[in-house]
Amino acid sequence: MVSDKSAQTQERARARRTEGDLRRRRALADAAAGMPPIERFHCVIYLCGAPGTDIAGPREECAEYAEAFGWGITDVIEERVGLLPPQGREGLKRAVEHVRSEAAGAVLTSCRSMISSVPQEFDEVAREVEKAGGSCTSWPRHSVGNGRRGDPARVPPRPVHHRAGPDI
């Protein structure tokens, strides 16, 4: 009769390993094989709405979008300040600081108007993020499947990287 004692021992060892242990072991194996480490791209999700607005849907959609592209999420920043200009928003300043500190490579939002509905103000913020080394990224929700929850045809479109307009 064949003993399955070694299989049981392997299962127990696998069960004791944390996700961090598994990542570390994979990194060691990759280094031993001569493969350079691959750093994951990170973004910060920034959402802004009027006081009392439910922005849970856009938050979930942005998280799903980031996950679909394999992006890590450094932080999720939500503000409920309405039409306050971008310069007066503490959360937006924090999002740009994440890019400046290289904790994130992009500010991801569900639509440009969450940063500003005024094109010049949006361009100013996009320039600031670009100077910090990142990009402002949004995605057109209307082009994702048919927009229904649970739709198997929901495939995120490619991100829209916004470049600041020309200096005037």
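In this text, all values refer to a predicted model and were calculated from it rather than measured experimentally.

## Overview of the nonpolar core
Alright, step 1. With 17 residues, the main nonpolar core has Tyr46, Val107, Ile115, Val129 and Cys136 as its most contacted residues.
Alright, step 2. Going through the elements one at a time, β1 (42-48), α4 (90-100) and α5 (119-131) are the ones with two or more residues in this core.
Alright, step 3. In contact with Val129, not counting residues within four places along its chain, are Val96, Val99, Val107, Gly134, Ser135 and Cys136.
Alright, step 4. Among the nonpolar cores identified, the runner-up in size contains 12 residues, and Tyr65, Ala66, Ala106 and Leu108 belong to it.

## What to know about the pattern of salt bridges
Alright, step 1. According to the stated counting rule, one finds 6 salt bridges in the structure shown.
Alright, step 2. We note a salt bridge from Arg80 to Glu78, for which the minimum N-O separation is 3.5 Å.
Alright, step 3. Linking Asp123 and Arg112 is a salt bridge whose minimum nitrogen-to-oxygen distance equals 3.9 Å. Taken together, the residues span a long stretch of sequence, with Asp123 in helix α5 and Arg112 in the loop between β3 (106-109) and α5 at a distance of 11 residues.
Alright, step 4. A relative accessible area of 31% means that Arg112 is categorised as partly exposed.
Alright, step 5. Residues joined in a network through salt bridges with shared partners are Arg59, Glu78 and Arg80.

## Considering the pairing of β3
Regular strands place their side chains on alternate faces of the sheet.
Alright, step 1. Here β3 shows two buried faces, one formed by Ala106 and Leu108 and the other by Val107 and Thr109.
Alright, step 2. Alignment of β3 against strand β4 (residues 135-138), held across 4 bridges, turns out to be parallel. The partner of Val107 across the bridge, within β4, is Cys136.
Alright, step 3. The handedness of the β3 to β4 crossover, carried by α5, is right-handed.

## Digging into the side chain of Thr137
Alright, step 1. Assignment of secondary structure puts Thr137 in strand β4.
Alright, step 2. In this structure Thr137 comes out as buried when scored by relative accessible area, which is 0%.
Alright, step 3. A distance of 3.4 Å separates the side chain of Thr137 from the side chain of Ser135, its partner in a polar contact.

Thresholds, definitions, all that
- Residues numbered from 1 in each chain as written.
- Predicted model: local features only at pLDDT ≥ 70, side-chain atom pairs only at ≥ 80, totals over all residues.
- Heavy atoms only, no water.
- Core = buried A, V, L, I, M, F, W, Y, C linked by side-chain atoms within 4.5 Å.
- Buried < 20%, exposed > 50% of the residue type's maximum accessible area, 1.4 Å probe, protein only.
- Helix = DSSP H or I, 4+ residues; strand = E, 2+ residues; numbered from the N terminus.
- Contact = heavy atoms within 4.5 Å.
- Salt bridge = Lys/Arg side-chain N within 4 Å of Asp/Glu carboxyl O.
- Pairing = 2+ DSSP bridges.
- Right-handed = clockwise from strand over helix to strand, strands pointing away.
- Polar contact = N/O pair within 3.5 Å; in protein donor to acceptor, adjacent residues only side chain to side chain.

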